[in-house]
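# Summary of the model geometry
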Amino acid sequence: MQRWRGLEDIPEDWGRSVVTIGSYDGVHRGHQLIIGRAVARARELGVPAVVVTFDPHPSEVVRPGSHPPLLATHQRRAELMAGLGVDAVLVLPFTAEFSRLTPADFVVKVLVDKLHARVVVEGPNFRFGHKAAGNVAFLRELGTTYDYEVEVIDLYERGAAGGGEPFSSTLVRRLVAEGDVAGAMEVLGRPHRVEGVVVRGAQRGRELGFPTANLETPPHTAIPADGVYAGWLTAQGEAMPAAISVGTNPQFDGTERTVEAYAIDRVGLDLYGLHVEVDFLAYLRGQEKFDSIEALLERMAVDVKRARELVEGHGGSR
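Conventions adopted
Residues numbered from 1 in each chain as written. Predicted model: local features only at pLDDT ≥ 70, side-chain atom pairs only at ≥ 80, totals over all residues. Heavy atoms only, no water. UniProt positions renumbered as here; feature names shortened; annotations may be inferred. Pairing = 2+ DSSP bridges. Helix = DSSP H or I, 4+ residues; strand = E, 2+ residues; numbered from the N terminus. Axes fitted to C-alpha atoms, helices over the stretch in contact; angles between N-to-C directions. Contact = heavy atoms within 4.5 Å. Phe/Tyr/Trp six-rings, centres within 6.5 Å; stacked < 30°, edge-to-face > 60°. Buried < 20%, exposed > 50% of the residue type's maximum accessible area, 1.4 Å probe, protein only. Lys NZ or Arg CZ within 6 Å of the ring centre and 35° of its normal. Parallel < 35°, antiparallel > 145°, perpendicular 65-115°, else oblique. Left-handed = near helix turned anticlockwise from the far one by under 90°. Nonpolar A, V, L, I, M, F, W, Y, C, P; charged D, E, K, R; others polar. Domains from an automatic or database assignment. Buried area = accessible area lost by both parts, 1.4 Å probe. Salt bridge = Lys/Arg side-chain N within 4 Å of Asp/Glu carboxyl O. Polar contact = N/O pair within 3.5 Å; in protein donor to acceptor, adjacent residues only side chain to side chain.

In the nomenclature of an unreviewed UniProt entry, the protein chain is known as Riboflavin biosynthesis protein of Streptomyces antimycoticus. Listed under Function (unreviewed entry) in UniProt, the entry text for the protein chain is "Catalyzes the phosphorylation of riboflavin to FMN followed by the adenylation of FMN to FAD." Of the comments in the UniProt record for the protein chain, the one headed Sequence similarities (unreviewed entry) reads "Belongs to the ribF family."

As structure tokens, then:
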């Protein structure tokens, strides 16, 4: 799959393509419907399927300080899109200047002049251009002038998550913030992932017999609510069952919020400096302060046993 950053990265000889545009944070099951349809149309027509997305999130430029928690890095989104059959991902730097493009200018500069769109596939509420003035009807209207068609896909899948609320990135962010990682997994179609570089912490876990990988996460990462979880720690391509702790470590009067993962039944792991992924399968309990270190150790042993059972019951892999 090709990855471009900015319009200038698109090959000059790029031909017709099927395009879909959006932030697509999380690439959840609703997103997968749209992207999957774009890929299917591209295969029918014998042309590439292209996803156009933005960095940073448009809200941060339009309303500074409002950047939402991110469900997936751009690298992770690209991997997920490649798995859906996408041929190219175009990441457009979203600047103040770019935000002032009129809907018509956006269509001409991006869809017509650079990507030579033959079909544009979007959800019904797609908005674009300065002040989000462009909509699907306007996109379709311009298609008659610039020789592309517009296909609208209803992305509103529903399930038990969020009490039956339509699947969306906003819903996933809320579920993650509430610690409902099982609900988030239903919407995403896979466990929610947090990734980062393993850094040295206080090393109390090692002293207690439960050495943990302490993650330094990218800015704006969507981190689950404080508590203990079951899931996986993946390092250098190996996924290991894990007990995961999120929070400030009140047992030792901590103040800094951390994500730490203990690889169950693994001894002698040296992960410092490595980029790792933590996938959240199930919520076990909230963050607690125990009366003694012995009581903490007893509960940690129970947590690890429960996490092992849940991961094994899930099939042992993601």
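## Focus on the sheet that holds strand β10 (residues 238-247)
Ordered in space as β7-β8-β11-β10-β9-β12, the 6 strands form a closed barrel in which the pairing is antiparallel. On average, each strand axis in the sheet is inclined to that of its neighbour by 45°, with strand direction left out of account. For strand β7 (residues 192-199) and strand β12 (residues 275-285), the ladder comprises 6 bridges, and the chain directions are antiparallel. Opposite Glu195, over in β12, you have Glu277 as the bridge partner. Together, β7, β9 (227-235) and β12 form the strand contacts of helix α8 (residues 181-188), whose direction differs from that of β12 by roughly 120°. Where helix α10 (residues 293-313) meets the sheet, it contacts β9, β10, β11 (258-263) and β12, and its direction lies at approximately 100° from that of β12.

## Brief notes about the packing of aromatic side chains
A full pass over the atoms with the stated rule returns 10 aromatic pairs. Arranged with centres 5.3 Å apart and planes meeting at 80°, the rings of Phe210 and Tyr262 form a pair that is edge-to-face. Within this pair, whereas Phe210 is found in the loop between α9 (204-208) and β8 (213-216), its partner Tyr262 is found in strand β11, the two being separated by 52 residues in sequence. One exposure class covers both Phe210 and Tyr262, and it is buried. Both rings, one in Tyr229 and one in Phe280, keep their centres 5.1 Å apart while their planes meet at 90°; by these two values the pair is edge-to-face. Taken as a pair, Tyr229 in strand β9 and Phe280 in strand β12 lie far apart in primary sequence, 51 residues in all. Neither Tyr229 nor Phe280 differs from the other in exposure class; each is buried. Counting every residue linked through ring pairs, the aromatic cluster contains Phe54, Phe94, Phe98, Phe106, Phe126 and Phe128. In this structure, Arg200 packs its charged tip against the face of Tyr272, placed 3.9 Å from the ring centre.

## What to know about the sheet that holds strand β5 (residues 117-122)
Pairing within the open sheet is parallel, and its 6 strands lie in the order β1-β4-β3-β2-β5-β6. Sheet topology places β1 (2-5) and β6 (149-152) at the edges, where each strand pairs with a single neighbour. Across the sheet, the mean angle from the axis of one strand to that of its neighbour is 25°, orientation sign disregarded. One ladder, built from 4 bridges, connects β1 with strand β4 (residues 88-93); its direction is parallel. By the bridge assignment for β4, Arg5 is matched with Val91. Sitting on the sheet, helix α5 (residues 103-112) is in contact with β2 (17-21), β3 (49-55), β4 and β5, with an inclination near 130° to β2.

## Regarding the packing of α5 against helix α6 (residues 136-146)
At their nearest, the axes of α5 and α6 sit 11 Å apart, and the two run at 55° to each other. Regarding the angle of α5 to α6, the classification is oblique. Pair α5 / α6 crosses with right-handed handedness. For the pair α5 and α6, the contacting residues are Pro103, Ala104, Val107, Val108, Leu111 and Val112 in the first and Phe138, Leu139, Leu142 and Tyr146 in the second. Residue classes in the contact of α5 with α6 are distributed as 10 nonpolar, no polar and no charged.

## What about the domain arrangement of the protein chain?
Under the domain assignment used here, the protein chain contains domain 1 (2-156) and domain 2 (192-315). Distance from the C-alpha centre of domain 1 to the C-alpha centre of domain 2: 36 Å. Contact with domain 1, which involves 7 residues of that partner, is made by 7 residues of domain 2. Between domain 1 and domain 2 the total buried area reaches about 610 Å² when both faces are included, carbon and sulfur atoms providing 54% of it. Our count for the domain 1 to domain 2 interface comes out at 0 salt bridges. Summed over the shared surface of domain 1 and domain 2, the result is 2 residue pairs in polar contact (both at pLDDT 80 or more).

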